[in-house]
Amino acid sequence: MALSFCGNDRGSSAYSVDNGVLDNGCFVDALNLVPHVFLLFITFPILFIGWGSQSSKVQIHHNTWLHFPGHNLRWILTFTLLFVHVCEIAEGIVSNTQMESNHLHLFMPALMGFIAATTSVVYYHNIETANFPKLLLALFIYWILAFITKMIKLWKFAEASLGVQQLRFCITALLVVLYGLLMAVEINVIRVRKYVFFANPQKVKPPEDLQDLGVRFLQPFVNLLSKATYWWMNPLIIKAHKRPIELKKIGKLPIAMRALTNYMRLKDSYEEQRQKTEDQDKSPSIWKSMYRAFGGPILLSSTLRYMADLLGFAGPLCISGIVEHLDNSTEFDRTNKTGNMTFGVYFMSSTELLQNTSVLAVLLFLALVLQRTFLQASYYVTIETGINLRGALLAMIYNKILRLSTSNMSMGEMTLGQINNLVAIETNQLMWFLFLCPNLWAMPVQIIMGVILLYYLLGESALIGAGVILLLAPVQYLIATKLADTQKSTLDYSTDRLKKTTEILKGIKLLKLYAWENIFCDRVEETRGKELTSLKTFSLYTSMSIFMNVAIPIAAVLATFVTHAYIEEVRLSPARAFASLALFHILVTPLFLLSTVVRFAVKALVSVQKLSEFLQSDEIGDDSWRNAEMPLEVGKKNKHHGITKVVNRKGRYRMDNYEQPMRRQLRPTETEDVAVQVNEGYFTWGSNLSTLSDINIQIPTGQLTMIVGQVGCGKSSLLLAMLGEMQTIRGKVYWSKLPDYEVLYDGSISGQDTGLSHEETSKNRYSVAYAAQKSWLLNATVEENITFGSPFNKQRYKAVIDACSLQPDIDLLPFGDQTEIGERGINLSGGQRQRICVARALYQNTNIVFLDDPFSALDIHLSDHLMQEGILKFLQDDKRTVVLVTHKLQYLIHADWIIAMKDGSVLREGTLKDIQTYDVELYEHWKTLMNRQDQELEKETEMESQTILERKTLRRAFYSREAKSQTDDEDEEEEVEEDDDDNMSTTTSRRSKIPWKMCCRYLSSGGFLMVFLMVSSKLAKHSVMVAIDYWLAAWTSSNPHNQSLADPFVNATNYTKNDDAQIAEVTHHCLFLFQMLSLILYIIVILKWSSLGVLQHRSYVPVFIILCGAAIALCLITSLTVEFLGVAAATNLHHNLLNKIIHAPIRFFDVTPLGQILNRFSADTNIIDQHIPQTLESLTRSILLCLSAIGVIAFVTPAFLIALVPLMVAFYFIQKYFRVASKDLQDLDDSTQLPLLCHFSETAEGLTTIRAFRHEARFKQRMLELTDTNNTAYLFLSAANRWLEVRTDYLGAVIVLTASVAAIWTSSQSGLVGLGLTYALTVTNYLNWVVRNLADLEVQMAAVKKVNSFLSTESENYEGSMNVSQVPEDWPQHGEIKIQDLCVRYDTMLKPVLKHVNAHINPGQKVGICGRTGSGKSSLSLAFFNMVDVFDGKIVIDGIDICKLPLQTLRSRLSIILQDPVLFSGSIRLNLDPECTCTDDRLWEALEIAQLKNMVKALPGGLDAVVTEGGENFSVGQRQLFCLARAFVRKSSILIMDEATASIDMATENILQKVVMTAFADRTVVTIAHRVHTILTADLVIVMKRGSIMEYGKPEILMEQEDGLFASFVKADM
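These lines cover the structure that appears in this document, whether it is placed above or below. (Residues numbered from 1 in each chain as written. Predicted model: local features only at pLDDT ≥ 70, side-chain atom pairs only at ≥ 80, totals over all residues. Heavy atoms only, no water.)

What to know about the overall build of the protein chain
Helix and strand counts for the protein chain stand at 53 helices and 26 strands. Per-residue burial over the protein chain gives 56% buried out of 1614 residues. Long-range contacts, defined as pairs at least 24 residues apart, comprise 81% of the intrachain contacts of the protein chain with a sequence gap of at least 6. If you sum the accessible surface of the protein chain, you get close to 66800 Å²; carbon and sulfur atoms cover 60% of it. (Helix = DSSP H or I, 4+ residues; strand = E, 2+ residues; numbered from the N terminus. Buried < 20%, exposed > 50% of the residue type's maximum accessible area, 1.4 Å probe, protein only. Contact = heavy atoms within 4.5 Å. Areas by Shrake-Rupley, 256 points an atom, 1.4 Å probe, with all protein chains shown as cover.)

Written as structure tokens, this is what we have:
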């Protein structure tokens, strides 16, 4: 009987029971089988048969939600049990090898136990999912039986006086404890759930989160195994391959992770800190509050991290054991066998078991799996905590923003930029710090442990190696800090470059018309040059950092082994050499990361400082006076300023309906009804100077009050003071004294509002509809901007739209009022934006409406219409109290009450009649102003108003967009590939393809030389790295006693030839390069050997040194080539992009949204500059490391190649699925981040509006939703990364297992086995990086693709058919223009805009062109500059056909003044004469003509005075005058004025007219008029209609034609 259960050794009494049944060891082991068999028999039928019928009764939608009590403990115990069973099996098998015949009872029960334990956990999981606890009884019985049988075994062992020295005794004792604990867990379930022996079992409900079907993030709810391996992510990741992951698929966050929950946690601990520190005058510590709120998970993560780090050291130790015992495995020591024989079987000690190589291999595998699981769990916990922290911080910052005092914002203490930085940068810094912070305390421990182990392996020489590492660590830190600094300066330059690029793109029309595009392009290139210099430094430091990371281990290994060779007499054994090699690899990671972590810690300190300052800054008002019964005195200036509060709320706040009629009846007598009253108010914007002083005013209820006064006299400030936005120095603001209620204005809605039980109903009652002077839009649809959170009422909405005459504008938008507008939407003009803001104020159902200069950006028709329909009709019919700030004095006749302001105080207040009687002077002053305004305005009826212009530009943009849309689609997404059948397979294959084409495009931008250098140096480097380790193997395996060792290389391959000739061939192929090196090295060795006479082991040293030196040099070269390849590519791509776009035809800018172009210059350029080179470096390094490792293993044990095939297949599928899912999640993360940041910035911009409307609560809600959406995407992304890493790590562990098993079985030479295993260990680290980098590269290549799509834009034809030399220097001398049969269109796909136009303009004539919108006037002006497609006819100026001229020449010889004044940031000189060709006198002359001389003289710097972005530091009128001066500086004989007077006031227009008449007397001036009266004095008038000339002649003659167009225009104007 070869396989008998109890064995059949000679003379054994295996089956005898003479001394009693239980004294027979074999019987006790058989008894141990009983519980396992029992469990298997009971559970299999239940699992396989009874389940179908069972689960149908229990309705649960998630297979994850329910956990029985003690759930996690049970999983941990079961896993421990499985591990102990594995040990028991190993012990049994190894003991069995010591017996004469096979004793199955040594390992058979353990094997069955293993199967039973596995079954128990599967069974338990299924019961839990179905929530059917009665079936747990089977498990309960199993645990009891197993406990009893193991107890018997242990008791018998103890009787036979076996103790802890024997391994089997320890294992049995452990099993008894585990079974006991599992039994206790089972009893606890019975106790809590009462499912058996109890009358009323407990009903269970799933957690709140999962009752809501929207939660898809299941990590907190699944069982432990699924948590550790992210099994629950499988469906999501696999489905992503078929169709993209959308926001719907990732659902909502679990409640515990929502921003609100975390905000409450953080806020509570912050408030606690605040109370503690209040008396000590310190600011509350954010660190402490963060620790109080999120300390728990960080501790858990750190614990997991420690466990993982300690397990990490198992790798080198196991390798050392395997290599050591390979040599002496054959001579296993059987001598002391008898000493351990009890019950007729062999008992071994634990050390003996660990000398078995197969056991070590399995242990190594388990240690790796566990280490990786712990590590990923630790990462996940910190990431989740980091995300929670970020959500909490964002909510905290947002709440603070809503309470910020306005003066803070306007006085520049808190700029928008700072707030955006807090949101976008500082919170992320803290989140990243949290991700990395477990490293802060885990790494030192890891380093110390590593050094101790090295010392144990190598003695003193190890300290030298560790010393090298420690000495070089500060250098790394230094490089890391330098990197951060360079990155900062690069960022500054790129911001600067972006600013200049934005300016160019915004003013592109002007630049092209003046032929200045190249000058400004050079300005950008100059900044880009600085940025690139900074980038090169950045690349240098990056490559140094990478170099240090790779070179330090080589240097350490070199120092250690060389020292060891000279200090120690003994040759280094392969076991120790390779274990220490693996240890060095482990040590390098923490040292490299430590510098990063320290850097992040420093950044986090700064971020917390900034946050703390922000949270301490002034707020607008405090809630403490909420319920005061009396109006409040604001004499004292304290930290919270500007208090205006709601005082007594009774009565009509409780009304539930929004109807207006109801509101009428509540009003008592209206004689002295005052809505708002200010008494002796002194208000300031934060400085101690009062902006408004001695304000005593009242706003009558239900009437129209107008506030008038000059610019800057404090009209807007007065409104804000009433809204409580200014700081009150003294005085009071009262709101609406009605008999039973009195309101003082209040700045915030808070959750704990006393007396505000009907928050919803009362919300609309005391909010103020406010339209600010600077229009503020949300990033939302037009409709959402107008309704602004109020319920939609169709009738009312329609009325408001009509009152603001928005319907024509809405009709032009592509999706009507559902079109997105705002930052990310379609750019509307000023007038359109303003009307939407007014519409918002009208639509809101509030008693009081404040309108701050709503007419400023509107033309006369719209103003009149808005005044009549909107303010007088819509608001007054409603009897709403209206306060209107305006400059248009002609509306004063409609006012019920007038407040005239001057220099921050009230000049007069009363009705128009009062002022007429009491302040005649003021009234007369108004009258003259009014007359002037009236004259100007009445003439404006010549329909060509500004609004129409705005509509025109809008229409042009869309008109063109449709034409472009076909081409656009192909650019944006190559959705329509070869064929249109969009079946699953094509999308799938497309989604998982790697964009090779773009990679090639990128590399070719870098230049072929660099690519060649990179590839060759990388290959050389990795070959040398392999050679080093190979040499080490040869060195350590060399036989010190054998003197015939002449050629170490031949020797190294010698033993393989004996075993297997095939390997020698593999050597030749694999290590061709190594052999080349060896030849050179061989000579050195021979020389050394001949000098010594004997080849000692030290003779390997010189070669080793040379190889290490070569490797270090190559590391430097590779890291430099990759980085500088990146810089070269970035330089080329940006240069080409800029040139293409600057020289694109003007049409391109009409069609392509500005944001899209800017994105190419900002986000995409940034990716190309900084991210791609690093990803590329990391990717090539990881791939080559993995390949060289697999090559080495295959070389050592060819058998490994067989196992490699299934592993490669698995790896292929993992990376394929992951890349697709990762890309989608990355996109989701990016796309959800943008709205969040936008929401913050738009809130900060519209603070006053939000607070006036009282919509804080709604905006907070929106912010929480956006934060949660973004956090969900980010959590899923990090969970997907963990999913990948766990899988690739397990694959790596399997590679190590197969490599070690193959090595043991083929029993190769020990040095090479060490080499193979050391490499196998590195594979586990690099596999997931290959995939992660591939995925990253794929995302980043999209940037190259987008930039590339713009590089195919057609440029304008700058050449022309004439040579520059053929054009006279002073052309055009006279300024004679002949237009002959001219036909023009904007694009070949569009209809012509000018049809067969003929005209002749004599030198020096003043010509006026008029006509309605769309008649082709502006197109004609563009045709003079060849900016549009002239496809028929020609324009001849002074005898030269302009289409033949080079564009640069043509445009530089004509002048134009555009309708919108454009100024560039820089100096005044730059704006007048960027080419720097004129003298200062000429510039001063031009300024004098434009009447700007005195103003410019007064500025600091005169001509070099600063112009801010867009010329914001000058008024619109002044900007227009600068443009006039600019046209004058260029002394051309032809000037074209394109509606230059459309956007300026009367005074400026008069200056312009005068200048044109005098300064330009001898030049030809073509004026495109939109107010006919401006061209009545012209020499020639051209009237256009639909692209043709209708009338042509002197104005006097045209006026006489009664039924003529011109005459009708003029009539309408009078």
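Focus on a nonpolar patch on the surface
On the surface, a nonpolar cluster with roughly 370 Å² of combined accessible area is contributed by V1205, V1209, Y1212 and F1213. Within the secondary structure, V1209 sits in helix 41 (residues 1200–1245). (Patch = residues over 30% accessible without salt bridge, like charges linked within 9 Å, V, L, I, M, F, W, Y side chains within 5 Å. Salt bridge = Lys/Arg side-chain N within 4 Å of Asp/Glu carboxyl O.)

A word on the packing of helix 25 (residues 794–803) against helix 27 (residues 830–843)
Two numbers describe how helix 25 lies on helix 27: the axes approach to 9 Å, and their chain directions differ by 140°. Relative to helix 27, the element helix 25 lies oblique. The two elements helix 25 and helix 27 cross, and the hand of that crossing is right-handed. Residues R796, Y797, V800 and A803 of helix 25 pack against A839, L842 and Y843 of helix 27. Split into classes, the residues belonging to the contact of helix 25 with helix 27 amount to 6 nonpolar, no polar and 1 charged. (Axes fitted to C-alpha atoms, helices over the stretch in contact; angles between N-to-C directions. Parallel < 35°, antiparallel > 145°, perpendicular 65-115°, else oblique. Left-handed = near helix turned anticlockwise from the far one by under 90°. Nonpolar A, V, L, I, M, F, W, Y, C, P; charged D, E, K, R; others polar.)

Things to note about the environment of H105
Among the secondary structure elements, H105 is positioned in the loop between strand 2 (102–103) and helix 3 (108–130). According to the relative accessible area criterion, H105 is buried, its value standing at 5%. On a C-alpha basis, the gap between H105 and L33 in space is 9.4 Å, while along the polypeptide they are 72 residues apart. Beyond its immediate stretch of four places on either side in the chain, H105 contacts F5, C6, C26, D29 and V345. Within polar-contact distance, the side chain of H105 engages the side chain of D29 at 2.7 Å. (Polar contact = N/O pair within 3.5 Å; in protein donor to acceptor, adjacent residues only side chain to side chain.)

Scope: geometric values only; no functional claims are made or implied.
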